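Listed below are the residues making up each chain.
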Amino acid sequence: MADKKQRKNNKNNYDEDYNPKFRKQRKKVCVLCSDKNFVLDYKNPEQLRKFINEKGKILPRRSTGACSKHQRDITTAVKRARHIAILPYTQN
Ligand SMILES: [Zn+2]
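Thresholds, definitions, all that
- By convention here, each chain's residues receive numbers from 1 onward along its written sequence.
- Residues qualify for local features only when their pLDDT is at least 70, as the model is predicted, and side-chain atom pairs are given and counted only at 80 or more; totals for whole chains, interfaces and linings, by contrast, use all residues.
- Each helix corresponds to a stretch of at least 4 residues labelled H or I by DSSP, and each strand to a stretch of at least 2 residues labelled E; elements are numbered beginning at the N terminus.
- As a rule, residues whose C-beta atom has 12 or fewer other C-beta atoms within 10 Å are exposed, those with 20 or more are buried, and those in between are partly exposed; C-beta atoms are placed from the backbone.
- The pLDDT value tells you how sure the predictor is about a given residue, anywhere from 0 up to 100.
- In these notes, a nonpolar core means any group of buried Ala, Val, Leu, Ile, Met, Phe, Trp, Tyr and Cys residues linked to one another through C-beta atoms within 7 Å.
- With C-beta atoms placed from the backbone, a contact is any residue pair whose C-beta atoms sit within 7 Å.
- What a helix should span is 1.5 Å times the count of its residues minus one.
- The directions considered for the arc are those from the helix axis to the C-beta atoms.

**Observations concerning the overall build of the protein chain**
Piece 1. If you tally the helices and strands in the protein chain, you get six helices and zero strands.
Piece 2. Reading the protein chain from its N terminus to its C terminus gives the helix and strand order α-α-α-α-α-α.
Piece 3. A buried classification covers 13% of the 92 residues belonging to the protein chain.

As structure tokens, then:
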């Protein structure tokens, strides 16, 4: 019981198991929210290429940093672009 309480206390003050790796991770801000002039266009492959990897897959939210609303918009835009053959479904 005493041990349990001690461990809990250590978790709360970040002195002992403090990992500087996690400190440097900055919270990503959604590119579409931060830039009001940024208009996502499915007819613009240069813009959408930032949201796909080299295989043509849509990047996950942890990579794009987009909020859920805009990630959905990105996904739709990429899928539309694929349909009109602006972006590839797959590469190599
Ligand atoms: Zn957003």
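So much for the structure itself; the text now carries on.
**Quick word on the environment of Leu-32**
Piece 1. Along the chain, Leu-32 turns up in helix α3 (residues 31-34).
Piece 2. Considering only alpha carbons, one finds Leu-32 and His-70, 38 residues apart in sequence, at a separation of 6.7 Å.

**Quick look at the environment of Ile-84**
Piece 1. When you line up the elements, Ile-84 lands in the segment after α6 (68-83).
Piece 2. Look at Ile-84 and you get exposed, because 9 C-beta atoms sit within 10 Å.

**Some words on the confidence of the model for the protein chain**
Piece 1. For the protein chain, per-residue confidence averages 82 on the pLDDT scale, and 71% of positions sit at 70 or higher.
Piece 2. Confidence, expressed as mean pLDDT per element, reaches its minimum in the protein chain at helix α1 (residues 2-12) with 54 and its maximum at α6 with 96.

**Thoughts on the nonpolar core**
Soluble, globular proteins show a tendency: their nonpolar side chains are buried together.
Piece 1. Membership of the largest hydrophobic core is limited to ten residues, which are Tyr-42, Leu-48, Phe-51, Ile-52, Ala-66, Ile-74, Ala-77, Val-78, Ala-81 and Leu-87.
Piece 2. Considering each element in turn, this core owes the most residues, four residues, to α6.
Piece 3. The residues touching Ile-74, leaving out its near neighbours within four places in the chain, are Leu-40, Phe-51, Thr-64 and Ala-66.

**Describing unusual backbone geometry**
Piece 1. Non-glycine residue Ala-85 carries a positive phi angle of around 60 degrees.
Piece 2. Mapped onto the secondary structure, Ala-85 falls in the segment after α6.
Piece 3. Using a count of 8 C-beta atoms within 10 Å as the deciding quantity, one classes Ala-85 as exposed.
Piece 4. Residue Asn-92 is not a glycine yet carries a positive backbone phi of 65 degrees.

**Section: α6**
Piece 1. Under the 1.5 Å per step criterion, the end-to-end length of α6 is 23 Å for 16 residues, consistent within 8% with the ideal 22 Å.
Piece 2. Within the sequence span of α6, burial applies to His-70, Ile-74, Ala-77, Val-78 and Ala-81. Seen end-on, α6 carries its buried residues on one side only, within an arc spanning 100 degrees. Residues Ser-68, Lys-69, Arg-72, Thr-76 and His-83 are exposed on α6 and point more than 90 degrees away from its buried face.
Piece 3. Positioned one or two residues after α6, Ala-85 has a phi angle of 60 degrees, which is positive.

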